[in-house]
Amino acid sequence: MTGRFHTLFDLIDLSGVNRWLDIGCGPGTLFEQALQAGYEFDFLKGVDISSEMIKVAKSKRLSGNIEFSEEDLELSPGPVKFDFVSMIGVLQQCAIKPVDAFKSVAQKMNPGGRFFFTTKHIGWVEFTSGRLEPERGHSWFSMPDLRDGLDEAGFSILHEGGLLPVERKFVSPEDSHTVYFLVELK
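Below you will find a few notes about this structure. Source: prediction; values computed, not measured. (Residues numbered from 1 in each chain as written. Predicted model: local features only at pLDDT ≥ 70, side-chain atom pairs only at ≥ 80, totals over all residues. Heavy atoms only, no water.)

## Quick notes on the pattern of salt bridges
Heads up, the condition is: For salt bridges, the criterion is a side-chain nitrogen of Lys or Arg within 4 Å of an Asp or Glu carboxyl oxygen. Secondary structure elements follow DSSP: runs of H or I of four or more residues count as helices, runs of E of two or more count as strands, with numbering from the N terminus. Type-normalised accessible area, obtained with a 1.4 Å probe on protein chains alone, sets the label of each residue: buried when under 20%, exposed when over 50%, and partly exposed for intermediate values.
This model, assessed by the stated rule, comprises eleven salt bridges. When the shortest N-O distance is used, the salt bridge between E67 and K45 registers 3.6 Å. Here K45 lies in strand β2 (residues 43–48) and E67 lies in strand β3 (residues 66–70), a separation of 22 residues in the sequence. Overall, E67 belongs to the partly exposed group, its relative accessible area being 34%. In this structure, E160 engages R147 in a salt bridge whose closest nitrogen and oxygen atoms are separated by 2.6 Å. On the criterion of sequence distance, the pair formed by E160 in strand β6 (residues 155–164) and R147 in helix α6 (residues 143–152) is long-range, its members being 13 residues apart. Here the residues in one salt-bridge network are K45, E67 and E71, joined through shared partners.

Structure below.
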């Protein structure tokens, strides 16, 4: 996941982010890396469905106004709205339609807020050529389905592409089984 985290840092200037929600936060590593890089935030909230991951995140005792909680992506929005949401490597494990996930994210955001996510891409040339088959343990998505879901949920696409996480290299979507999107809530 570290390569995906660095992709976020390569693409996004977090210095203007005040309230950040990380969906699928795991042990809190993304927040930990952002804080170590010197970024400051008014409020950070990490959610994960794994109580064990939340225990590990809480044990890190990161400084600042940080909350970690065991929650599901589809839970109703709370009173706090976020200006940045990340969801790295989560969508392919949720077993829900992308549009439903995106609508849930949008409910948790302020208009003009940004959302960054990575997920699995069924359109990778290795799959479309028949040389490889997608891993059955994940959901796989096409770029048109992801774009349509984002549009229906009220997002404008700012940046999209393929990602080779280990190499921290941006490529065309067809050249990778992982894709990323940076979008803005209209």
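## Points about unusual backbone geometry
Positive phi, close to 50°, is recorded for R61, a residue that is not glycine. You can see R61 is positioned in the loop between α3 (51–59) and β3. Notably, A95 is not glycine yet its phi reads approximately 60°, a positive angle. Looking at where A95 falls in the secondary structure, it is placed in the loop between β4 (82–88) and α4 (98–107).

## Looking at the packing of aromatic side chains
What counts here: Whether two aromatic rings pair depends on their centres lying within 6.5 Å, for rings of Phe, Tyr and Trp, where Trp uses its six-membered ring; planes under 30 degrees apart make the pair stacked, over 60 edge-to-face, and the rest tilted.
On inspection of all chains with the given rule, the structure shows 15 aromatic pairs. Between F102 and F115, the ring centres sit 6.1 Å apart and the planes meet at 65°, which makes this aromatic pair edge-to-face. In this pair, F102 is assigned in helix α4 and F115 in strand β5 (residues 109–120), connecting sequence segments 13 residues apart. Judged by relative accessible area, which is 0%, F115 ranks as buried. Ring geometry for W124 versus F127: centroids 5.0 Å apart, planes at 85°, classification edge-to-face. Residue class for F127 comes out buried when judged on its relative accessible area of 12%. An aromatic cluster is present here, built from W20, F31, Y39, F41, F68 and F84 joined pairwise through their rings.

## Re the sheet that holds β3
Short version of the rule: The pairing criterion is simple: DSSP has to find at least two bridges between the two strands. To obtain an axis, a line is fitted to C-alpha atoms, over the contacting stretch when the element is a helix, and the angle between two such axes runs from 0 to 180 degrees between their N-to-C directions.
A sheet is described by the order of its strands in space; here eight strands give the open sequence β3-β2-β1-β4-β5-β8-β6-β7, paired in mixed fashion. Each edge of the open sheet is held by one strand with a lone partner, namely β3 and β7 (169–171). Neighbour-to-neighbour, the strand axes of the sheet open up by a mean angle of 20°, direction not taken into account. In this sheet, strand β8 (residues 178–185) lies alongside β5 in antiparallel orientation, the contact comprising seven bridges. In the sheet register, F116 faces β8, and the bridge partner there is L182.

## Observations regarding the packing of α4 against α6
Which entries qualify depends on this criterion: Two helices cross in a left-handed way if the nearer one is turned anticlockwise from the farther one by less than a right angle. They cross in a right-handed way if the turn is clockwise. Any two residues whose heavy atoms approach within 4.5 Å are treated as being in contact. Polar here means any residue other than Ala, Val, Leu, Ile, Met, Phe, Trp, Tyr, Cys and Pro, which are nonpolar, and Asp, Glu, Lys and Arg, which are charged; Gly is therefore polar.
Relative to each other, α4 and α6 sit at 35°, their axes nearing to 8 Å. Seen along the crossing, α4 lies across α6 with a hand that is right-handed. When α4 is examined against α6, the residues P98, V99, F102 and K103 are found in contact with a partner set consisting of L146, G149, L150 and E152. When the residues that make up the contact of α4 with α6 are grouped by side-chain class, the tally is five nonpolar, one polar and two charged.

## Quick notes on the pairing of β8
The element β8 is extensively covered by neighbouring structure, given that seven of its eight residues are classed as buried. Pairing geometry for β6 and β8, over seven bridges, is antiparallel. Residue pairing in the sheet places F155 in a bridge with L185 of β8.

## Notes on the environment of F41
Within the secondary structure layout, F41 lies in the loop between α2 (29–36) and β2. Under the relative-accessibility criterion, F41 is labelled buried at 14%. Residues F41 and S69, spaced 28 residues apart in sequence, show a C-alpha to C-alpha distance of 18 Å. Those residues in contact with F41 that sit more than four places away from it in its chain are L14, V17, N18, W20, A34 and L35.

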